[in-house]
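A look at the structure
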Amino acid sequence: MKANRKFIEADERAVSAVIGVILMVAITVAIAATVYVYVSGMIGGTKNQTPNVACTTDSTANRVTIATADANIKWSDVRISLDTAVTGWSVYTSAGAPIGYNDATTQPFTGAQMIYAGDYLLLNGTVGNVKVTLMYAPTNSLLGSWTVNV
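Cut-off values and rules
- Residues numbered from 1 in each chain as written.
- Predicted model: local features only at pLDDT ≥ 70, side-chain atom pairs only at ≥ 80, totals over all residues.
- Heavy atoms only, no water.
- Helix = DSSP H or I, 4+ residues; strand = E, 2+ residues; numbered from the N terminus.
- Buried < 20%, exposed > 50% of the residue type's maximum accessible area, 1.4 Å probe, protein only.
- Contact = heavy atoms within 4.5 Å.
- Areas by Shrake-Rupley, 256 points an atom, 1.4 Å probe, with all protein chains shown as cover.
- Core = buried A, V, L, I, M, F, W, Y, C linked by side-chain atoms within 4.5 Å.

1. What to know about the overall build of the chain
For the chain, the count of helices and strands is 2 helices and 8 strands. Put simply, the chain runs from its N terminus to its C terminus through helices and strands in the order α-α-β-β-β-β-β-β-β-β. For the chain, the proportion of its 150 residues judged to be buried stands at 27%. In the chain, the share of contacts with a sequence separation of at least 24, taken over all contacts with a separation of at least 6, comes to 60%. Counting every atom, the chain has about 10,200 Å² of accessible surface; 59% of that belongs to carbon and sulfur.

Given below as structure tokens:
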């Protein structure tokens, strides 16, 4: 009997089972909220996404032709650069109407001309390989690079 009394008289304070369950649920909710905030910040991303543009090259006609392009891309959002400063370039619609010209002092594209399949970039000037690079300005992303033998 004396052994049993020892346990009864000892200071045995404990958390009840209900309080323990409530604490575990609260900790779980706090961890879940932290993970949600962390993951939603990573997945959110930018609202401006880089569009897809595919081109073909024609060394005979000195052209880079838009084969396919996502909808609602404006020429004014595209930056064209060449790896040589000697070559001039012009952009035309598929029907042959001019859209923009190379001008070192101003932005070559104004207005809301959209990019459509069949539009092309005509290169003139230098003889040899010319690397044409298209950048999408709103996201500062590369649309692609193509080499044309002019």
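There's more to say after this.
2. Side note on the nonpolar core
With 23 residues, the main nonpolar core has Trp-75, Val-78, Ile-80, Leu-121, Leu-123 and Val-132 as its most contacted residues. Looking at this core element by element, the count peaks at 4 residues for strand E7 (residues 129-136). Each residue touching Leu-121, except ones within four places of it in the same chain, is listed here: Asn-62, Arg-63, Val-64, Ile-80, Trp-89, Ser-90, Val-91 and Val-132.

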